[in-house]
Amino acid sequence: MDLLPMADLHTHALIPMYYYRRKLETPSPRTLFLPWGPLGTHIDLPGLKVSGVKCMVFCVYAFNRLPHANCFENAKAQIRVFETWVAAHSEVLAHAKTPSEIQPIIQSGRTAAILALEGGHHIGNDLENVAYFKSKGIFYVTMVHFINTPVGDTFLTGAFSSNRGLRPFGRELLRTLEAQGLIVDVAHASEKGFWDMLEHSTKPPIFSHGACRTVCGHSRNLSDEQSREMIKKEGL
């Protein structure tokens, strides 16, 4: 039976690949106690071949502050791991650096592997670093993650802090991303941060991973009002 082609917009296969040197050539061990563990992943090459997933986003994520002194350099190292791994398994997947490369890869019977950046902290304090990520095929940048940064406040701390939303450097980063053709991802943002991003964005943003707050009442998820505003912005 032919499977309907699917896309996965947010995976963390790079965490076990980079931090634990896993090659993902065999299924990861499962645990009966936790649905997910840092040593494992549901993603592996045998599963990818039969899954029907034809477009997969591999997120670059360096733990903020500790243990990395320089998240920009760590992100570069993770991208090198990704590039080497994809090249070694070119019969299964290929790196799509631009949207126009996705469909030809799928038509060749392989999975289009895409890079994204989870957290503006990988940019450091230098907006010129955005050009490097653009050259490496980063499609979108999740502006914030779990810890407040000069980019903005997160959902995790927004309820317990002054919730300044998107900060001045974050607004500069947003403008730079849009100028470079990268997509702004609002996931993980505080409530005010979300509205700040939509106010300052001039191109459609995305909410790469999460759920509806009406279904699951968690501050990380979007309210109906936020979802409607995303639709007005022609976002995803």
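All chains use their own residue numbering, which begins from 1 and follows the written sequence. In view of the model being predicted, local features appear only for residues whose pLDDT reaches at least 70, and side-chain atom pairs are presented and counted only at 80 or more, with totals across whole chains, interfaces and linings using the full set of residues. Note that the side-chain values use all heavy atoms of the structure and ignore hydrogens as well as water.

### Observations concerning the overall build of the protein chain
Okay, so step 1: Broken down by element type, the protein chain carries nine helices and six strands.
Okay, so step 2: We call a residue buried when its accessible area falls under 20% of the maximum for its residue type, exposed when it is over 50%, and partly exposed in between, using a 1.4 Å probe and counting protein chains only. For the protein chain, buried positions account for 50% of its 236 residues.
Okay, so step 3: Throughout, a residue-residue contact means that at least one pair of heavy atoms, one from each residue, lies within 4.5 Å. Long-range contacts, defined as pairs at least 24 residues apart, comprise 59% of the intrachain contacts of the protein chain with a sequence gap of at least 6. Helix and strand assignments come from DSSP, with helices taken as H or I runs of at least 4 residues and strands as E runs of at least 2, each series counted from the N terminus.

### Remarks on the packing of helix α8 (residues 191–200) against helix α9 (residues 224–232)
Okay, so step 1: Running from amino to carboxyl end, α8 crosses α9 at an angle of 15°, the nearest separation of the two axes being 11 Å. With respect to their mutual orientation, α8 and α9 come out roughly parallel. Note on packing geometry: the crossing formed by α8 with α9 is left-handed. In contact with E191, F194, W195 and L198 of α8, α9 contributes E225, Q226, E229 and M230.
Okay, so step 2: Throughout this entry, Asp, Glu, Lys and Arg are counted as charged residues, while Ala, Val, Leu, Ile, Met, Phe, Trp, Tyr, Cys and Pro are counted as nonpolar. The remaining residues, Gly among them, count as polar. In terms of residue class, the contact of α8 with α9 is built from four nonpolar, one polar and three charged. Whenever a helix is involved, its axis is fitted only over the stretch in contact; in every case the axis is a line through C-alpha atoms, and angles between N-to-C directions fall within 0 to 180 degrees. Oblique is the label for any angle not covered by the other classes, which are roughly parallel (under 35 degrees), roughly antiparallel (over 145) and roughly perpendicular (65 to 115). Throughout, a crossing is termed right-handed when the near helix is turned clockwise from the far one, and left-handed when it is turned anticlockwise from it by less than a right angle.

### Quick word on the nonpolar core
Okay, so step 1: For this analysis, a nonpolar core means a set of buried residues of the types Ala, Val, Leu, Ile, Met, Phe, Trp, Tyr and Cys, connected via side-chain atoms within 4.5 Å. If you look at the biggest cluster of nonpolar residues, it comprises 46 residues, and the most contacted ones within it are F58, L93 and M143.
Okay, so step 2: Of the residues forming this core, the biggest block, six residues, is contributed by helix α3 (residues 71–88).
Okay, so step 3: In this structure F58 touches T11, A13, L14, F82, W85, L93, A113, I114, L115 and A116, once residues within four positions along its chain are discounted.
Okay, so step 4: If you look at the next biggest cluster of nonpolar residues, it comprises 13 residues, including C59, A96, A112 and Y140.

### So, the pattern of salt bridges
Okay, so step 1: Each reported salt bridge corresponds to a side-chain nitrogen of Lys or Arg within 4 Å of a carboxyl oxygen of Asp or Glu. Under the defined criterion, the tally for this structure stands at five salt bridges.
Okay, so step 2: Notably, a salt bridge pairs K192 with D196, separated by 3.1 Å at the nearest N-O pair. Residue K192 and its partner D196 are both found in helix α8; the two are separated by four residues, about one turn of the helix.
Okay, so step 3: Salt-bridge contacts for E229 lead to K232; the nearest nitrogen and oxygen are separated by 3.9 Å.

### Some thoughts on the environment of M6
Okay, so step 1: Relative to the helices and strands, M6 is located in strand β1 (residues 6–11).
Okay, so step 2: Between the alpha carbons of M6 and C55 there is a distance of 6.7 Å; along the sequence they are 49 residues apart.

### Structural notes on α8
Working note: α-helix, 3.6 residues per turn, so residues spaced by three or four point in the same direction.
Okay, so step 1: Within the span of α8, buried status applies to G193, F194, D196, M197 and L198.
Okay, so step 2: Residues of α8 that are buried in the fold lie against α7 (168–180), β6 (183–185) and α9.

### Observations regarding the packing of aromatic side chains
Okay, so step 1: Aromatic rings from Phe, Tyr and Trp, taking only the six-membered ring of Trp, are treated as a pair when their centres fall within 6.5 Å; an angle between ring planes under 30 degrees marks them as stacked, one over 60 as edge-to-face, and anything in between as tilted. Applying the stated criterion to the full structure yields eight aromatic pairs.
Okay, so step 2: Centroid distance Y18 to Y19: 5.0 Å. Interplanar angle 85°. Geometry classified as edge-to-face.
Okay, so step 3: Given a relative accessible area of 15%, Y18 falls into the buried group.
Okay, so step 4: Judged by centre distance (5.6 Å) and plane angle (90°), the rings of F72 and F133 are edge-to-face. Within this pair, whereas F72 is found in helix α3, its partner F133 is found in helix α5 (residues 129–135), the two being separated by 61 residues in sequence. Accessibility assignment for this pair places F72 and F133 in one class, buried.

### Brief notes about unusual backbone geometry
Okay, so step 1: Positive phi, close to 60°, is recorded for L24, a residue that is not glycine.
Okay, so step 2: By secondary structure assignment, the location of L24 is in the loop between α1 (14–19) and α2 (45–51).
Okay, so step 3: Since its relative accessible area comes to 2%, L24 is described here as buried.
Okay, so step 4: The phi torsion at H188 lies on the positive side, around 75°, for a residue other than glycine.
Okay, so step 5: Position of H188 relative to the elements: it lies in the loop between β6 and α8.

### Description of the pairing of strand β4 (residues 111–118)
Okay, so step 1: In terms of burial, β4 is largely enclosed, as eight of its eight residues are buried.
Okay, so step 2: Burial of the side chains of β4 extends over both faces: T111, A113, L115 and L117 are buried on one face and A112, I114, A116 and E118 on the other.
Okay, so step 3: Note on pairing: DSSP must find at least two bridges between two strands before they are called paired. As judged from the six bridges shared by strand β2 (residues 53–60) and β4, these two strands associate in the parallel manner. From the neighbouring strand, M56 faces β4, where its bridge partner is A113.

Treat this as a map of the structure, not an account of what it does.
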